[in-house]
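# A structural walkthrough
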Amino acid sequence: MDLAYYADLAVRLVNTEQPLRGEDALTSVDAVRDLLGPGTHAASRAVEADVARLRTVRTRLRGVFEAADEGDEVRAVDLLNALMLEFPVSPQISGHDTLDDETGRPDWHMHLADQAVNATAGYSATACMGLAFQLTTLGVDRLGVCEAAPCRNAYVDTSTNRSRRYCSDRCATRANVAAYRARKRLESERSGRSGRTHDAAQEATPATDR
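Residues numbered from 1 in each chain as written. Predicted model: local features only at pLDDT ≥ 70, side-chain atom pairs only at ≥ 80, totals over all residues. Heavy atoms only, no water.

### Some details on the overall build of the protein chain
For clarity, the threshold we go by: Secondary structure follows DSSP: runs of H or I at least 4 residues long count as helices, runs of E at least 2 residues long count as strands, and numbering of each begins at the N terminus. For every residue, the accessible area obtained with a 1.4 Å probe (protein chains only) is divided by the maximum for its type, and the residue is called buried under 20%, exposed over 50%, and partly exposed between those limits. Any two residues whose heavy atoms approach within 4.5 Å at even a single point are treated as in contact.
Within the protein chain, the regular secondary structure consists of seven helices and six strands. Helices and strands in the protein chain line up, N terminus first, as α-β-β-α-α-α-α-β-β-α-β-β-α. Out of the 210 residues in the protein chain, the part that is buried amounts to 36%. Long-range contacts, defined as pairs at least 24 residues apart, comprise 52% of the intrachain contacts of the protein chain with a sequence gap of at least 6.

Printed below as a string of structure tokens:
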């Protein structure tokens, strides 16, 4: 059971919205099916009501990431616990469709069974369980929100040195370029002020007869 993969479901749901840009990709049943996975059993169960349901869960999951990003670990955990109480998982041993290469016997493994009452509940249960696994394994501070304005994408930091600050290389590059340009502007302004101060000082100095 790859719980790290399930955590990515939470990230994917949160990032269907760009709040500072006023953009929302979760606007139709087709968008829901794309999120759930085209051609999957979960996608086949999606209905119009899942748009609003998933948007509500998305808002609550974003709250988890934002609380963690702000250093409020207790609030992040409380918010995630509340979601898991509402959307419990159903663990099940699976292996009927996978055989071990050496023994030919079923490759038994744990699986989170999708027995939820609707598509949103099934997706939310697995996403929250995966996120909880990453939170308790890596630490609450590994949940973050991209620092590259106006992006507010969520991410799970799996780096070895806990150094991640952006959701993607693209945002990291954009932020670095913006910081570089800001430094150059500041240096130029300081140089300009220094030059004006020097000229003013020269003008204020009385001429000396020779």
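### Observations concerning the packing of helix H1 (residues 3–14) against helix H4 (residues 49–69)
So the rule is basically this: Orientation is described by lines fitted to C-alpha atoms, with helices fitted over the stretch in contact, and by angles between N-to-C directions that extend from 0 to 180 degrees. For classification purposes, angles smaller than 35 degrees are called roughly parallel, those larger than 145 roughly antiparallel, those between 65 and 115 roughly perpendicular, and all remaining angles oblique. Classification convention: Asp, Glu, Lys, Arg as charged; Ala, Val, Leu, Ile, Met, Phe, Trp, Tyr, Cys, Pro as nonpolar; all other residues, Gly among them, as polar.
In the contact formed by H1 and H4, the axes pass within 9 Å of each other and the chain directions differ by 105 degrees. Between H1 and H4, the angle falls in the class roughly perpendicular. In this structure, H1 uses Ala10, Val11, Leu13 and Val14 to contact H4, whose residues at the interface are Leu54, Val57, Arg58, Leu61, Arg62 and Phe65. Partitioned by chemical class, the residues of the contact of H1 with H4 number eight nonpolar, no polar and two charged.

### Notes on unusual backbone geometry
In this structure, the amide linkage connecting alanine 149 to the following residue, proline 150, adopts the cis form with an omega of 0 degrees. Structurally, the position occupied by proline 150 is in the loop between strand S5 (143–145) and strand S6 (154–156). Residues other than glycine seldom take positive phi values, yet arginine 162 does so here, at roughly 55 degrees. Of note, arginine 162 is situated in the loop between S6 and helix H7 (169–204). Overall, the relative accessible area of 44% leaves arginine 162 in the partly exposed class.

### Here we look at the packing of H4 against helix H5 (residues 73–86)
Heads up, the rule is: The crossing is said to be left-handed when, going from far helix to near helix, the turn is anticlockwise and less than a right angle, and right-handed when the turn is clockwise.
At their nearest, the axes of H4 and H5 sit 7 Å apart, and the two run at 155 degrees to each other. What the angle tells us is that H4 and H5 run roughly antiparallel. Read as a crossing pair, H4 and H5 show a hand that is left-handed. Two secondary-structure elements touch here, H4 through Val57, Arg60, Leu61, Gly63, Val64, Ala67 and Ala68 and H5 through Arg75, Ala76, Leu79, Leu80, Ala82, Leu83 and Glu86. Looking at the contact of H4 with H5 residue by residue, the class counts come to 10 nonpolar, one polar and three charged.

### Details of the nonpolar core
Note the threshold: Throughout this description, the term nonpolar core refers to a set of buried Ala, Val, Leu, Ile, Met, Phe, Trp, Tyr and Cys residues connected via side-chain atoms within 4.5 Å.
Counting residues in each nonpolar core, the largest one holds 43 residues, and the members touching the most others are Leu13, Leu36, Leu61, Phe65, Tyr123 and Leu131. Here this core takes nine residues from helix H6 (residues 119–138), the largest share from any one element. When near neighbours in sequence (up to four residues on either side) are disregarded, tyrosine 123 contacts Leu9, Arg12, Leu13, Leu35, Leu36 and Leu54. Within the second largest apolar cluster, nine residues are counted, among which are Tyr155, Cys167, Cys171 and Ala172.

### Brief notes about a negative patch on the surface
As a reminder, the rule being used: In this analysis, a patch consists of residues with relative accessible area above 30% that form no salt bridge, clustered at 9 Å for like charges and at 5 Å for the nonpolar side chains Val, Leu, Ile, Met, Phe, Trp and Tyr. Each accessible area is a Shrake-Rupley estimate made with a 1.4 Å probe; only the visible protein chains count as cover when residues are assessed. Criterion for a salt bridge: a side-chain nitrogen of Lys or Arg within 4 Å of a carboxyl oxygen of Asp or Glu. When charges are counted, Lys and Arg are positive and Asp and Glu negative, with His and the chain ends excluded. Every charge is mapped to an atom, namely NZ of Lys, CZ of Arg, CG of Asp or CD of Glu.
The grouping of Asp69, Glu70, Asp72, Glu73 and Asp78 at the surface amounts to a negative patch. By the element assignment, glutamate 73 lies in helix H5.

### Here we look at the side chain of asparagine 153
Filter applied, for reference: We define a polar contact as two N or O atoms separated by no more than 3.5 Å, with the added condition that, inside protein, one atom must be a possible hydrogen donor and the other a possible acceptor, whereas residues neighbouring each other in sequence contribute only through side-chain atom pairs.
With respect to the element layout, asparagine 153 can be found in the loop between S5 and S6. There is a polar contact of 2.6 Å between the side chain of asparagine 153 and the side chain of glutamine 18. In this view, asparagine 153 contacts Asn15, Glu17, Gln18, Gly144, Val145, Cys146 and Cys167; residues no more than four positions away in its chain are not counted.

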